[in-house]
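Coordinates in review
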Amino acid sequence: MSAAFGIDIGGTGMKAAPVDVTSGELLGDRNRIPTPKPGTPEQVAEVVAELVGSFGWSGPVGCAYPAPIVGGTVKWVAHLDDSWAGVDIAGLLSSRIGAPVTIINDADAAGTAEMHHGAGVGRGGTVCFTAFGTGIGSSVFVDGTLVPNTEFGHMYLQGHTDDVEVWSSAKARERDDLDWPTWAGRVRDYLQHLEKIISPGLFILGGGISKRFEKWGPLLELDTEVLPARMRNNAGIVGAAMASAAGPSASSAPADGPGPSANPAAADSPGSAG
């Protein structure tokens, strides 16, 4: 067993647990604390410290964060306070907890967990993980190697004035009181557009709504194979822990562009699996 600590920072909640990165299993019940509002860097750092302390954890920590991460820095953010843009989040959180912190985009973390311990195990070619929640997160893997920070949920499709996540996220289904066929139609439009762009061999669909996949998955009618995520809302925690085990160089694209060390899915670490 190889233990690491993962935190999944979301727009509505922050979840954490120690993880056996060899098996992908949580080593105990996760702790969840609502994301503070407006979710400034200082507020989030306080909750991160509280989560780490609640487990008595000392040592490196991995954090999944809902924004593109380049060189440990937030490029821009959609679901937390605008003051995050340009923040060295790795440095901020490391200083706050007194231990190294590895940062990875939240969908990249969840997708990595699914590729190593979930629906993507053993799958080659192009695999696209998409998480439906407060927004839409995405991650893409080519023969098991992560292409970081794709952010496909912020695409615009013809005929829409808002980006994709505004009208086809799980939050949009609740907001607009959509029945399953109507919402599945919106998801289908989004995924059909991705089919044209990246020609994936597999879509893995995650987020909390994946536990109800039987209600909407069969309605998608896509040419591409579709599977529900197996790890559901634990995927981000597991992927964050895997990033920590792989080391800071594996958390995101370096400032001068991606390279072989830029993704935990390809790193030679205790969390790496076939």
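Above this text you will find the structure in question.
Just so you know, these numbers come straight off a predicted model, no measurement behind them.

Before going further, it helps to spend a moment on the overall build of the protein. Within the protein, the secondary structure is distributed over eight helices and 13 strands. Buried positions account for 55% of the 274 residues belonging to the protein. Once local pairs closer than 6 in sequence are excluded, the contacts in the protein between residues at least 24 apart make up 62%. For the protein, the computed accessible surface area is about 11100 Å², with 49% contributed by carbon and sulfur atoms. Once the 18 positive and 30 negative side-chain charges of the protein are each reduced to a mean point, those two points are 6 Å apart.

Looking now at a positive patch on the surface. Together, Arg 30, Arg 32, Lys 211, Arg 212, Lys 215 and Arg 232 make up a region of like positive charge exposed at the surface. Its place among the elements puts Arg 232 in the loop between strand S13 (225–228) and helix H8 (235–246).

A few words on the pairing of strand S1 (residues 3–9). Burial runs high along S1: six of the seven residues are buried. Judged from the seven bridges that link them, S1 and strand S2 (residues 13–20) form a sheet pairing that is antiparallel. Bridge assignment links Ile 9 to a residue of S2, and that residue is Met 14. The turn joining S1 and S2, which pair antiparallel and follow one another in sequence, is formed by three residues. Here S1 pairs with strand S5 (residues 61–65) via three bridges, running parallel. In the strand pairing of S5, Gly 6 is matched with Gly 62.

This next bit is on the environment of Gly 247. Here Gly 247 lies in the segment after H8. On the accessibility criterion, Gly 247 (13% relative accessible area) is buried. When the C-alpha atoms of Gly 247 and Thr 126 are compared, they prove to be 25 Å apart, with 121 residues separating the residues in sequence.

Reading the values: rules and limits
Residues numbered from 1 in each chain as written. Predicted model: local features only at pLDDT ≥ 70, side-chain atom pairs only at ≥ 80, totals over all residues. Heavy atoms only, no water. Helix = DSSP H or I, 4+ residues; strand = E, 2+ residues; numbered from the N terminus. Buried < 20%, exposed > 50% of the residue type's maximum accessible area, 1.4 Å probe, protein only. Contact = heavy atoms within 4.5 Å. Areas by Shrake-Rupley, 256 points an atom, 1.4 Å probe, with all protein chains shown as cover. Lys, Arg positive; Asp, Glu negative; His and termini not counted. Charge placed at Lys NZ, Arg CZ, Asp CG, Glu CD. Patch = residues over 30% accessible without salt bridge, like charges linked within 9 Å, V, L, I, M, F, W, Y side chains within 5 Å. Salt bridge = Lys/Arg side-chain N within 4 Å of Asp/Glu carboxyl O. Pairing = 2+ DSSP bridges.

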